[in-house]
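Structural overview
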Amino acid sequence: MKKSLIALAVLTASGISFAQSSVTLFGVVDLGYTQSKTGAAKTSSMTDSGQASSRIGFRGVEDLGGGLKASFWLEAGTNPDNGTGDATNNNNQSASAVTAPRAGTQGLTFNRRSTVSLEGSFGEVRLGRDYTPQFWNHTFFDPFGTNGSGSNVTGAAYGDARNFTGVRASNSVGYLSPKFSGLQVQLQTYMGEVASPAAKAGNGTALRVTYDAGPLSLAVADSKTTTGAGTDWKATNFAASYNLGVAKVMMMSSTDKITGEADMEGYLVGVTAPLGAGVVKFAMSNIKQGTTVDSDKTAIGYVYSLSKRTALYTTFATTKPMTGDKTTGFDLGVTHSF
Amino acid sequence: MKKSLIALAVLTASGISFAQSSVTLFGVVDLGYTQSKTGAAKTSSMTDSGQASSRIGFRGVEDLGGGLKASFWLEAGTNPDNGTGDATNNNNQSASAVTAPRAGTQGLTFNRRSTVSLEGSFGEVRLGRDYTPQFWNHTFFDPFGTNGSGSNVTGAAYGDARNFTGVRASNSVGYLSPKFSGLQVQLQTYMGEVASPAAKAGNGTALRVTYDAGPLSLAVADSKTTTGAGTDWKATNFAASYNLGVAKVMMMSSTDKITGEADMEGYLVGVTAPLGAGVVKFAMSNIKQGTTVDSDKTAIGYVYSLSKRTALYTTFATTKPMTGDKTTGFDLGVTHSF
Amino acid sequence: MKKSLIALAVLTASGISFAQSSVTLFGVVDLGYTQSKTGAAKTSSMTDSGQASSRIGFRGVEDLGGGLKASFWLEAGTNPDNGTGDATNNNNQSASAVTAPRAGTQGLTFNRRSTVSLEGSFGEVRLGRDYTPQFWNHTFFDPFGTNGSGSNVTGAAYGDARNFTGVRASNSVGYLSPKFSGLQVQLQTYMGEVASPAAKAGNGTALRVTYDAGPLSLAVADSKTTTGAGTDWKATNFAASYNLGVAKVMMMSSTDKITGEADMEGYLVGVTAPLGAGVVKFAMSNIKQGTTVDSDKTAIGYVYSLSKRTALYTTFATTKPMTGDKTTGFDLGVTHSF
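Described in the following lines is the structure provided in the data block.

What counts, and at which threshold
Residues numbered from 1 in each chain as written. Chains lettered and ligands numbered in written order. Predicted model: local features only at pLDDT ≥ 70, side-chain atom pairs only at ≥ 80, totals over all residues. Heavy atoms only, no water. Least-squares fit on C-alpha atoms with pLDDT ≥ 70 in both. Contact = heavy atoms within 4.5 Å. Buried area = accessible area lost by both parts, 1.4 Å probe. Polar contact = N/O pair within 3.5 Å; in protein donor to acceptor, adjacent residues only side chain to side chain. Helix = DSSP H or I, 4+ residues; strand = E, 2+ residues; numbered from the N terminus. Nonpolar A, V, L, I, M, F, W, Y, C, P; charged D, E, K, R; others polar. Core = buried A, V, L, I, M, F, W, Y, C linked by side-chain atoms within 4.5 Å. Buried < 20%, exposed > 50% of the residue type's maximum accessible area, 1.4 Å probe, protein only. Salt bridge = Lys/Arg side-chain N within 4 Å of Asp/Glu carboxyl O.

1. Looking at the relation of the copies chain C and chain A
Superposition of the two copies of the chain requires a rotation about an axis and a shift along the axis. Each copy superposes on the other: chain C lies on chain A with an RMSD of 0.0 Å after a rotation of 120 degrees and an axial shift of 0.0 Å. Both copies of the chain, as the preceding transformation shows, are related through a three-fold rotation axis. Distance from the rotation axis, computed per C-alpha, reaches its smallest value in chain C at Gly107 of chain C: 2.4 Å.

2. Things to note about the interface of chain B and chain A
If you look at the interface, chain B gives 45 residues, while chain A gives 38 residues. Taken together, both faces of the contact between chain B and chain A bury some 3400 Å²; the carbon and sulfur share is 71%. Three residues stand out in chain B for area buried against chain A, namely Glu62, Phe110 and Val116 of chain B, and they jointly supply 14% of the buried area on that side. The interface formed by chain B and chain A holds 11 residue pairs in polar contact (both at pLDDT 80 or more) in total. Of all elements in the fold, only strand 1 (4–12), strand 2 (15–38), strand 4 (55–65), strand 5 (68–79), strand 7 (113–120), strand 8 (123–131) and strand 9 (168–176) of chain B reach the threshold of two or more residues within the side of chain B that touches chain A. Taken together, the residues of the side of chain B that touches chain A break down into 25 nonpolar, 17 polar and 3 charged.

3. Observations concerning the nonpolar core
General note: in soluble globular proteins, nonpolar side chains tend to be found buried as a group. Residues Ile56 and Phe58 of chain A, Ile56 and Phe58 of chain B together with Ile56 and Phe58 of chain C are the most contacted members of the largest nonpolar core, which totals 57 residues. Those residues within four positions of Ile56 of chain B in sequence are excluded, and the remaining contacts are Leu25, Phe26, Gly27, Leu74, Glu75, Ala76, Thr78 and Phe338 of chain B together with Phe58, Leu74 and Phe110 of chain C.

4. With respect to the relation of the copies chain B and chain A
If you rotate chain B by 120 degrees and push it 0.0 Å along the axis, it lands on chain A with an RMSD of 0.0 Å. Looking at chain B, a mere 18% of its interface residues are interface residues in chain A too, so the copies touch through different faces.

5. Thoughts on the interface of chain C and chain A
Residue-level contacts link 38 residues of chain C with 45 residues of chain A. Summing the contributions of chain C and of chain A, the shared interface buries around 3400 Å²; its carbon and sulfur component is 71%. Linking chain C to chain A there are 0 salt bridges. Here chain C is connected to chain A by 11 residue pairs in polar contact (both at pLDDT 80 or more). The set of elements that each furnish at least two residues to the side of chain C that touches chain A consists of strand 1 (4–12), strand 2 (15–38), strand 3 (41–47), strand 4 (55–65), strand 18 (310–320) and strand 19 (327–337) of chain C. When residues of the side of chain C that touches chain A are assigned to their parent elements, the largest contribution, 5 residues, is made by strand 2 of chain C. Tallied by class, the residues present in the side of chain C that touches chain A amount to 18 nonpolar, 16 polar and 4 charged.

6. What about the environment of Val185 of chain B?
All names here are of chain B. With respect to the helices and strands, Val185 occurs in strand 10 (residues 183–190). Along the chain, Val185 and Thr226 lie 41 residues apart, while their C-alpha atoms are 22 Å from each other. If we skip the residues at most four places from it in the chain, Val185 touches Tyr175, Leu176, Ser177, Leu207, Arg208 and Val209.

Listed below in C-alpha cells is the structure:
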C-alpha cells in the first residue's frame, strides 16, 4: 500500500524546506460485487472490503534526536458502498444492550488503530487501541488476509461475537522489541472499560514471537483475555511460511480455549504465486469445536495489479459445514490505496 | 470551488519531486443567519449551508499509464453551526424505525460521496455511494443550486422522505461516457441493502444524457427505483440553459410518477447575471400533485465574491402554497471553500 | 502545539510554487495511565487527555488582499484509548432524553470548534461552534489547563451538566477586536436549536476583556445564558497572571449565579516553573455553593518535554469534599501533537 506523504512544509521567506518529520494521509477504497449461495438462497450485494479493508488514516513520525522517535497513528474503518464508518469497542467485550445505531448513522471512529508510540534502540512502546498479538497470524498467513469471500474459517474463533479482542483491543499498552537475528517479540496488555471492573472483564495479556530468516517466517502467539468473573478466553496459534520463489507456501494452526466450552481448533494451508501482472491465491482452512462444529473452506482467487496502488480481484470460495448445505461465495472488485 | 492540493511529496536525498498522482483535501464551510416567517410564526437560526453545502472531503487520482486512471472520492457532509456530521442511507429507502441518533451525536460519514473509479478513453466506471443521474438537473439548473432559502420547490419530489435515491444512492455502479461532440451519457444502477431484498426495495436504474454546445446546455434524465413489492418511483426531468453573456437563463421541468399517487409535476425558470464583483440570481418554481399540492416559489439573491474561494451572500424568497399563509425566507451568510 | 502545514501546492509545468494560503492538519494524541482512589475504592484506567485534549483538526487561512483574510477551523475531539470521537451539543442545553449512543459507536464530530471567520484591521468576525468567552479564564489560568487529574474544581461550574455553554456554544456569532495597547475585547452571542425556541433556551451573550503588558496578564469575563422560560445562568470570572521569570503565578476567581440556587463561588491559585527540560505545575482550587458544596483541590505535576511536540507528564492531586472521603488522582502519560 503506497502512502501519500503530506510533507511538513516549513515555509520561510528564503525558500521551501522539509523537516525530518512528516504526517501521512493514507487509505484504501475497495469496492466490488459479491454473490453468496447457500442451497437455493442466493444474495447479491456490493461489498466494500473484498480484498483489503477500506479505511482512511493519519499517521506521523517525529524525530526526537538521539535515536528516539515519537509517532502517532489514527485509522478509521470505512464502508464506501454506503458511506458509513465503523463502530469501535471500548470495553473489549460484547456490545452492551443499548440500542444499536440506526442503519446509515454510524460515523467515523478510529476503530482500526489509535495509538501513540515512543521508539528507540530499545524497541517501541505503543499506547492506545491496537491490533492484538493473537490476531496477526490469522491474517498474515492467510493468502486472502482475512478479507472477502476467501477469508479463512479459523475466523470463527477471532470473529466470534464474544471475542472482541480477537482482532483489536482498546486501552492497550504494547511493547515491540527490535529484531535480533530475525527474532522479534511483541507483548501487550489491555484493559476493558466500564463493564464489570471487579470481574476484570475485557482485561488481558498477549505475547507474539516471530522469526524471519530469508525465505522462512515463523510466528507463535499466546493470549488470555478475562471474559467475566472466573471465565476467560485463551487464544494460541502458530504459523509458518516459506517463499520458494515460484510460490509462497504457508500454514497456520490455532487453538481457542474458552471456559465451559470444548476447545476450538483451526488450521489453514495456503499458497500464493506470482502469475502475469498478478498473484494467484489458494487456501484451505478448517475449524472444529467438539462434536458440533466442523467446517471446511476452500478458496481460490486472483489479484491483477494495475499499479502498486490499484488492483482488480476475483475470488471463489466454498464452505462446507458439518451438516446442511454448502455455501459458495464469489467476489469481483477493485482495490485502490492512497 | 478551489481545492487544496496535497502533493504526494516524494522526498529524496537530492531534492523534492512530485509524482503525477495527488491527494486533495477539500471542503466548504458555509454559515449564516436565516429567518423564516409563516403568518405570525417567525423563526431565526444559524444556518450551515445557505449558499453551498458544508463538507470536508478527500479525493485523489492515480495515473496508471496508457491513458488509464484510478481515482477515489470520500466526501462528508458537515454542519458547522453545531459541529455534527450528516447521516448516510444504506438501503436507498426510508430510515428504519430504530431510534434516531440523539441530537448532537451524529458523527461524520462519507454520505455525500464515497467512490472508486477507473477512467480511460472508454469513459469512467464508478462504484460506491454517489449522486443519482435524476438529481443533477434539479440542482445544476437551479440558480440557487438547491441550497438555502432560495432552493427550488421541485425539491418536494427529490427531497420527499420516501425518495431516498432522489439525491444519492448507495451500492451504485455508474458509467459516464466520454463527450462526443458535446454529447455525454451517464448510466447508473444501484441496490438497496438489508430491508426487503425479495421486494428489491431500494434497487433502481437511471440514465442521464447531456448536450453542451457553446452557450447552450441541454440535459434529460430518467430513472426508476423500486420502493417495495410491485411499487416504484419513476423520476423524469428535462432542463436547458443558455448563456447570453449578460445573463444565463435556465429552465427545468420534472415529473415524478409514484405507484398509487397522482403524478408530481414541477418546473423552474431562472436567471443568473454577473453584477459588480458578484452574481444576481432569480428563480421561479412550482410543484403540483393532483388536486392537493400546488406551491409557487419566487427567490432573488446576490452572491458577492471576495475571492474565488470566499463569498458573502443574501437571499430572499417567498413560497405560496395552495392554501394557507405564504412563507418568506431570508438568508445572510458567508461561504468559504478550501 | 506544533502544527503540520499542508501547503497549497500549485503544480505548474515550470516548477513548484506555494500560494499565500494554506490548509493545516493538526492534532494531539495524549494517552496515559490514571489511578483514582476514594476511601477503599480504587480504579485504574487508560486515560486519553491527561495533559492536553486529544483531537484532530483541519484549518486554513486565505489572504483576500487589502488586509482582509478568510479562515476556517474544523476540530474534532478524539479518545484514542478506544478510538471513539466526541459528541457535540446543538442546543446549548442538556442532552435530550433520547437514548444515548451505544458505547463504542460515537463517531467524530467537529465538537471542539467548527467556524468560519473574516479578519481585517477591524478584528475578527467568527461564526459557528466555538469556545465561549466565559470558559477561557477557567483553562488559561489553570496550570493544568483543565485537563487530567489536576484540572481545577472550579470546573464544577463550567462542567455542570446543565451548563452546556460553559465550554463551547453552537450557533454563535463572535467578534474579537484587535489588540489596542495590550487591550482586547471578545464578544459572543449564541442561539440554542430545536428545544424551547419560545423560552429562548440555549440563547446567550458573553463578553471577555483581556489586558497584556509584558509579564502581566489580566482577564475578565461575563456571560448570561437562558436555561428556560424566565431562568438563566450567569457566569462571571476574573483572572490574573504574572511571569516572574523563575516562575509564573496565576489566580482565577469565578461566580456562577443560577436562577433558584445559591451562587457557586470558585477560585484558583497556581504556579508554573521551568525545571530542567520541563515545567513544574502546582495549583490549589476551591468551589463552594451555599451550605452544600465546599471542595478543595491541590495538584502538583511535572511535564518533561522530549521536543516541542512531545512530552511525558505526571500529576498527583487530592480533592477534599465538605464531607466524606478525599479523592486522590494520579496520571502518568505521553502527549504528542502534530
